[in-house]
Structures are given as structure tokens and as C-alpha cells.
Amino acid sequence: VLPQYLLVLLGGAAGWLVAGLLAFRTRARMEYREAVRHLRKGNYADAVKVMDDVIKESPNDPQHYRFRAELLRLWGKLDRAKRDYHQMTTLDPDSALGWNGLAEVYLQSGNYPQALEAGQRAFELAPTEWVAAYNLGMIEDRLGQSRPVIDHLRKALALKVPDVRHRLLIHLYLARAYSRLNEMDLAKS
């Protein structure tokens, strides 16, 4: 009896598999929305708790760690955010987003050498993304490395920084780097 119903049974099994995957994806999206709702109310702990549960269910998805890390950064929990970005880069060593997030957290916490290392890795992985070049330039500025600041911030501008605020900051930091090098004509331009 089984051989003649094999195609029907396999089709049913495949259907349930697809339905299960769609249900999980929908559930995960609903949980992200729930975390955002908590965030909008300023309930950071509840937003992070939602993501804790998502990560328990799917601990190998680096994007879950990224989202929780962003929540933690907004909450001011930089050490916990740093752990999530580390986990993200462990799960996906070629994640420019993970390395860039790690660079930003180190920068925020004043650990410039570690920020530089993570920022350089992010830039290696995403040399055509303005954010990686911009962040690397910001880190180098904190370290007083004027030539690399100029190189990376000019690269960011060449990659078409989309918003005015970041372009203004780039020009400010370029002027500062040129003035540190006593290249006043370039600082004024």
C-alpha cells in the first residue's frame, strides 16, 4: 500500500516542512516587532528579554545577536553588546556588519586599539561601504593618525555618503587631520 501513496505522503511532508519554516519565520518577525514595541516604550530590559528567547531558539543565527547588540547599545550596556558582536563574528567571521558593530562599541567605550583592529577588519571585508571607511577614519582620528584619517574619510566621501550630517562630520575631521599635519591650505578647503 505504501509505494502507491509514497508521492502523496512525501508531498504532505514537504508541505508541512514549508509551513513550519514559514511559521518560524513569521514568529521570529513577530518577536522582532515585539522587541521594537518594548524599545519604543523605553523598556530595554523587556526588548532584550524577547531577543534572549529568540536566541535560545536559534542560537546560530548571527542576525539575532546583531539585533540584540543594537538594543544593548541603545540601553548603554556596551559590555553585553560587545559580547554579542563577538558572538556574531564567531558565527560569521566574514561579517563586515559584525566587525563594524564591534569597532563602534570599542570606540564608544574608549578602547581605541581594539576599535582600530575591528574597524580595519570591517574595512577589509567591505571596502566599498562608506560606513566602514567612515568608522575607521573616526577611530584613527582618536588615535591621532592623521594620514590614515584623510585616506579613509576621503574614501568614504568617494563612496557617496548619503546624509548631510555624516558628510559635515567628515569635512570637520578632514580639516582637523590636515591642520594636525600643518597643511593649512587643505584644512581650509
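Residues numbered from 1 in each chain as written. Predicted model: local features only at pLDDT ≥ 70, side-chain atom pairs only at ≥ 80, totals over all residues. Heavy atoms only, no water.

Description of the nonpolar core
Cut-off, in case you're wondering: By convention a nonpolar core is built from buried Ala, Val, Leu, Ile, Met, Phe, Trp, Tyr and Cys residues, the set being connected through side-chain atoms within 4.5 Å. The buried label applies to any residue whose accessible area, calculated with a 1.4 Å probe on protein chains only, is under 20% of its type's maximum; exposed applies above 50%, and partly exposed to all values in between. Numbering goes from the N terminus for both helices and strands, where a helix is a DSSP run of H or I of at least four residues and a strand is a run of E of at least two. For this analysis, residues touch if any pair of their heavy atoms sits within 4.5 Å.
Counting 45 residues, the largest nonpolar core has Tyr 134, Leu 153 and Ile 170 as the members making the most contacts within it. Take this core: its biggest share by element is seven residues, from helix α7 (residues 130–142). Filtering out sequence-adjacent residues up to four positions away, Leu 153 remains in contact with Ala 133, Tyr 134, Gly 137, Met 138, Ile 170, Tyr 173 and Leu 174.

Quick word on unusual backbone geometry
Its identity as a non-glycine residue notwithstanding, Lys 160 has a phi of 70°, on the positive side. On the secondary structure map, Lys 160 appears in the loop between α8 (146–158) and α9 (164–180). When its relative accessible area of 64% is taken as the criterion, Lys 160 is described as exposed. The phi torsion at Asn 182 lies on the positive side, around 60°, for a residue other than glycine. Within the secondary structure, Asn 182 is located in the loop between α9 and α10 (184–188). Residue Asn 182 is classed as exposed on the basis of its relative accessible area, which comes to 64%.

Quick notes on the packing of aromatic side chains
The cut-off we apply is this: Ring geometry is summarised as follows: Phe, Tyr and Trp rings, the Trp one being its six-membered ring, pair when their centres sit within 6.5 Å, and such pairs are stacked at plane angles under 30 degrees, edge-to-face over 60 and tilted between the two. By definition here, charges over rings are those cases where NZ of Lys or CZ of Arg is within 6 Å of the ring centre and within 35 degrees of the ring normal.
Tallied over the entire structure, the rule returns three aromatic pairs. Aromatic side chains Tyr 44 and Trp 75 sit 6.3 Å apart centroid to centroid with 15° between the ring planes, which places their arrangement in the stacked category. Highlighted residues: Tyr 44 in helix α2 (residues 44–57) and Trp 75 in helix α3 (residues 62–75), separated in sequence by 31 residues. Overall, Tyr 44 belongs to the partly exposed group, its relative accessible area being 27%. It is Lys 77 that lies over the ring of Trp 75; its NZ or CZ is 4.9 Å from the centre.

Considering the environment of Ser 146
Along the polypeptide, Ser 146 turns up in helix α8. Excluding its chain neighbours within four sequence positions, the residues that come into contact with Ser 146 are Ala 177, Arg 180 and Leu 181.

A few points about the packing of α8 against α9
In plain terms, the rule: The convention used is that axes are lines fitted to C-alpha atoms, helices contributing only their stretch in contact, and that angles between N-to-C directions extend from 0 to 180 degrees. Angular relationships are summarised with four words: roughly parallel below 35 degrees, roughly antiparallel beyond 145, roughly perpendicular across 65 to 115, and oblique for the angles in between. Crossings are assigned a handedness: left-handed for a near helix turned anticlockwise from the far helix by less than a right angle, right-handed for a clockwise turn. For this classification, the nonpolar set comprises Ala, Val, Leu, Ile, Met, Phe, Trp, Tyr, Cys and Pro, the charged set comprises Asp, Glu, Lys and Arg, and every other residue, Gly included, is treated as polar.
Two elements in contact, α8 and α9, have axes whose closest approach is 9 Å; the angle formed by their N-to-C orientations is 155°. As far as their axial angle goes, α9 and α8 are roughly antiparallel. For the crossing formed where α8 meets α9, the hand is left-handed. Across from Ser 146, Val 149, Ile 150, Leu 153, Arg 154, Ala 156 and Leu 157 in α8, the residues of α9 making contact are Arg 167, Ile 170, His 171, Tyr 173, Leu 174, Ala 177, Tyr 178 and Arg 180. Split by residue class, the contact of α8 with α9 holds ten nonpolar, two polar and three charged.

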